[in-house]
There are 2 protein chains.
Amino acid sequence: MEKVLVFGHLNPDTDSIASAISFAYLQQQLGVNAEAVALGTPNEETEYALNTFGFEPLRVIETAANEVKEVMLVDHNEAQQTVKDIKDVRVSYVVDHHRIAFECAEPLFYRAEPVGCTNTIIYKLYQEHNVEIPANIAGMMLSAIISDTLLFKSPTCTPFDVEVAKKLAEIAGVDAETYGLEMLKAGTNLATKTEKELLNADAKSFDMNGVTVRIDQVNTVDFADVLSRKDALEAEMLKENEEEGYDLFVLLITNILDSDSIVIALGEGVDKVEAAFETTLEENQSLLKGVVSRKKQVVPPLTEAFNG
Amino acid sequence: MEKVLVFGHLNPDTDSIASAISFAYLQQQLGVNAEAVALGTPNEETEYALNTFGFEPLRVIETAANEVKEVMLVDHNEAQQTVKDIKDVRVSYVVDHHRIAFECAEPLFYRAEPVGCTNTIIYKLYQEHNVEIPANIAGMMLSAIISDTLLFKSPTCTPFDVEVAKKLAEIAGVDAETYGLEMLKAGTNLATKTEKELLNADAKSFDMNGVTVRIDQVNTVDFADVLSRKDALEAEMLKENEEEGYDLFVLLITNILDSDSIVIALGEGVDKVEAAFETTLEENQSLLKGVVSRKKQVVPPLTEAFNG
């Protein structure tokens, strides 16, 4: 039988890697010759999960058409987030929890739900097909939910994500809270990274009323770990603004234990940051209580402040 | 609770009307204030189904944003097939079995499967939510599957469509074959239609290597019913070619009892029609054994003949 590749998005996070593993296994049980692959190497958080549950990192591909005719996309659907030769293969299945910007010539399976994590949907698919989830795969699926919801604290987390995570923790034989915290901490090992790496690992650019705003988010278990490097980080932020043409650089340092963030902003329009969060920046920084989601809690008020 | 509108595509067929009815009812059972509406009046086949199972025609809307903020799309997803103000409302759910060309800003429920009919997918959704299907709604869902698969004979029909139709027939308390034939026949009442109406009811235009090909399909239970009007139909086909700028007009007359079609072709490139179906046209016509699907059995070989 012809092989089918299953993969998550470029610059993969734990959900993208775990989705490829769990969905490929499900497809194998349904008789499909599916192989889980990745569009990049795992980050430290994902590595921790893979090690815990006994998986090797997935084979990394850059193109798909050279080896298969058919692919299945998990945790993404947009053309710019996938293999560059996506037009040369047939997409037969999509499982995702993001916004949709997708086109295809042939009818296919598309399963999207507005939940916190792709693996929450994949759990439902296992149920619907009556396929048992092996303990090690349940562990990866749990890791994905913990990662995407910041241990159930993100506003993107739904009650159904929590319910599924509980069941997966049972199958995997781990305590979700204890394991989850260790896994998230593994992703906050900032000591080995340069300031430039820290500021680019998870950064995205946004146009806000003609102003180019760069927003990076760094997870930590102790603000002091990051703030001890504040001078060097600020120097690098100013350098990035100048070299890359950003008008404003916003660094969000998120404490995953307390579910608070500290924002550091440098450049044109820091007053908009103050307006967005109804705060005053002191030495370029301010504490944002209860803020953990860039998508839901930072981009919308900042956009509004720039448009106001 | 805010109202949500549920509707199928413009120029609605039986699946679009039945999907709106069956999916709105399911959503109501799940606590959503959903109303089934339509983007056009029912055709004669759909009218027959509505009458049989005791439904009034759905309220017809032209725009949505004037009455709701949220809509659910069934049996379609593409912008040009839906309400003209689709950009002004939020799409929260799509259930469909067609190719996808869709964009939205927010995550949503999207359920697509490559089966013969949208109501086959909706049947699964009833199962997943443990909602009982009322007999009259089962009758509409069955009608949709029969319509889309031409009583299970179209190459688009899957074994799962057949399986679901059997269960729906049981709930509706009708014999699928007997009822189905009567319903399809109701849609083949050609006597009341002018030649122009017959040639436009279901016609689509295709560009094939620079040649504009117009393909219309007419269902019948007796070829003679249509062929008795052949002279008038041919005169109208030539008139359409001249007035609308079609290079080639292809009329497919499909016998829904025998699952065969007669093709009549007039204009530039009738030799391509002969090449596509490995046949010779006599007096502009030829019998195509086993051909019932324009999408799967006519457009692809004709496209190939024009490109060859």
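Residues numbered from 1 in each chain as written. Chains lettered and ligands numbered in written order. Predicted model: local features only at pLDDT ≥ 70, side-chain atom pairs only at ≥ 80, totals over all residues. Heavy atoms only, no water.

- By the naming in an unreviewed UniProt entry, chain A is Probable manganese-dependent inorganic pyrophosphatase, taken from Catellicoccus marimammalium M35/04/3.
- Here chain A is described in UniProt, under the heading Catalytic activity (unreviewed entry), as follows: "diphosphate + H2O = 2 phosphate + H(+)". (UniProt positions renumbered as here; feature names shortened; annotations may be inferred.)

## What about the overall build of chain A?
Then comes step 1: For chain A, the count of helices and strands is eleven helices and eleven strands.
Then comes step 2: At 20 Å, chain A has a C-alpha radius of gyration in line with the 19 Å of a compact globule built from 308 residues.
Then comes step 3: Counting only C-alpha atoms and orienting by the principal axes, one finds that chain A spans roughly 60 × 45 × 35 Å.
Then comes step 4: Taking contacts inside chain A between residues at least 6 apart in sequence as the whole, the part at least 24 apart equals 63%.
Then comes step 5: If you sum the accessible surface of chain A, you get close to 13,200 Å²; carbon and sulfur atoms cover 47% of it.
Then comes step 6: On chain A, the mean spot of the 25 positive side-chain charges and the mean spot of the 52 negative ones are 4 Å from each other. (Helix = DSSP H or I, 4+ residues; strand = E, 2+ residues; numbered from the N terminus. Rg over C-alpha atoms; globule rule 2.2 N^0.38 Å. Contact = heavy atoms within 4.5 Å. Areas by Shrake-Rupley, 256 points an atom, 1.4 Å probe, with all protein chains shown as cover. Lys, Arg positive; Asp, Glu negative; His and termini not counted. Charge placed at Lys NZ, Arg CZ, Asp CG, Glu CD.)

## What to know about the relation of the copies chain A and chain B
Then comes step 1: Between chain A and chain B, which share one sequence, the superposing operator has a rotation angle of 180 degrees and an axial displacement of 0.1 Å; the RMSD is 0.1 Å. Taken together, the turn and the small shift mark the pair as related by a two-fold rotation axis.
Then comes step 2: A share of 100% of the interface residues of chain A reappears at the interface of chain B, consistent with the copies meeting face to face through the same patch. (Least-squares fit on C-alpha atoms with pLDDT ≥ 70 in both.)

## Examining the UniProt feature "domain: DHHA2" (unreviewed entry) in chain A
Then comes step 1: Sites flagged by UniProt as "domain: DHHA2" (unreviewed entry) map to residues 180-306 of chain A.
Then comes step 2: Regarding residues 180-306 of chain A, the helix share stands at 43% and the strand share at 28%, and the terminal C-alpha atoms are separated by 37 Å.

## Observations regarding the domain arrangement of chain A
Residue and element names in this part refer to chain A.
Then comes step 1: Under the domain assignment, chain A is made up of domain 1 (4-186) and domain 2 (195-307).
Then comes step 2: Using only C-alpha atoms to locate each centre, domain 1 and domain 2 end up separated by 29 Å.
Then comes step 3: Here domain 1 meets domain 2 over a buried area of about 870 Å², counting both sides, of which 70% is carbon and sulfur.
Then comes step 4: If you sort the residues of domain 1 by the area they bury against domain 2, L150, K153 and P155 come out on top, with a joint share of 52%.
Then comes step 5: Along the lines of polarity and charge, the residues of the side of domain 1 that touches domain 2 split into four nonpolar, three polar and two charged. (Domains from an automatic or database assignment. Buried area = accessible area lost by both parts, 1.4 Å probe. Nonpolar A, V, L, I, M, F, W, Y, C, P; charged D, E, K, R; others polar.)

## Concerning the sheet that holds strand β7 (residues 204-208) of chain B
Residue and element names in this part refer to chain B.
Then comes step 1: Taken in spatial order, the five strands make up an open sheet running β7-β8-β9-β10-β11, and their pairing is mixed. Sheet topology places β7 and β11 (285-288) at the edges, where each strand pairs with a single neighbour. Between one strand axis and the next, the sheet turns through 25 degrees on average, direction left out of account.
Then comes step 2: Sheet topology places β7 next to strand β8 (residues 211-220); five bridges connect them, and they run antiparallel. Within the sheet, the bridge partner assigned to D207 lies in β8 and is T212. (Pairing = 2+ DSSP bridges. Axes fitted to C-alpha atoms, helices over the stretch in contact; angles between N-to-C directions.)

## Remarks on the UniProt feature "binding site: Mn(2+) 1" (unreviewed entry) in chain A
Residue and element names in this part refer to chain A.
Then comes step 1: Under the present numbering, the feature "binding site: Mn(2+) 1" (unreviewed entry) in UniProt falls on H9, D13 and D75. Separation in sequence by 67 residues is not matched in space for these annotated residues, since their most distant C-alpha atoms are only 9.6 Å apart.
Then comes step 2: One can find H9 in the loop between β1 (4-7) and α1 (14-29).
Then comes step 3: Not counting chain neighbours up to four residues away, the residues in contact with H9 comprise S16, L39, V74, D75, H76 and Q81.
Then comes step 4: Side-chain polar atoms of H9 contact the side chain of D13, separated by 3.4 Å. (Polar contact = N/O pair within 3.5 Å; in protein donor to acceptor, adjacent residues only side chain to side chain.)

## Some thoughts on the environment of B:P114
Then comes step 1: Secondary-structure assignment places B:P114 in the loop between β6 (109-112) and α3 (118-128).
Then comes step 2: For B:P114, a relative accessible area of 33% puts it in the partly exposed group. (Buried < 20%, exposed > 50% of the residue type's maximum accessible area, 1.4 Å probe, protein only.)

## Section: the interface of chain A and chain B
Then comes step 1: Contact residues are listed per partner, giving 19 residues for chain A and 19 residues for chain B.
Then comes step 2: Here chain A meets chain B over a buried area of about 1,700 Å², counting both sides, of which 60% is carbon and sulfur.
Then comes step 3: B:R111 is the partner of A:E128 in a salt bridge, and the nearest nitrogen-oxygen pair spans 3.9 Å.
Then comes step 4: The interface formed by chain A and chain B holds five residue pairs in polar contact (both at pLDDT 80 or more) in total.
Then comes step 5: Listed by contribution, the elements that provide at least two residues to the side of chain A that touches chain B are β5 (101-103) and β6 (109-112) of chain A.
Then comes step 6: Counting residues per element, the side of chain A that touches chain B draws most heavily on β6(A), which supplies four residues.
Then comes step 7: Of the residues that constitute the side of chain A that touches chain B, the class distribution is eleven nonpolar, two polar and six charged.
Then comes step 8: Note that β6(A) and β6(B) share three bridges and pair antiparallel. Looking at the pairing, A:Y110 lines up with B:A112 of β6(B). (Salt bridge = Lys/Arg side-chain N within 4 Å of Asp/Glu carboxyl O.)

## Observations concerning the packing of aromatic side chains
A ring pair, where both rings are aromatic, is described by two values, the distance of the centres and the angle of the planes.
Then comes step 1: Scanning the model with the defined rule gives 15 aromatic pairs over all chains in all.
Then comes step 2: Seen from their ring centres, B:F102 and B:Y110 are 5.5 Å apart, and the 70 degrees between their planes marks the pair as edge-to-face. For the pair B:F102 and B:Y110, a shared accessibility class is recorded, and that class is buried.
Then comes step 3: Members of the aromatic cluster, connected to one another through ring pairs, are A:F102, A:Y110, B:F102 and B:Y110. (Phe/Tyr/Trp six-rings, centres within 6.5 Å; stacked < 30°, edge-to-face > 60°.)

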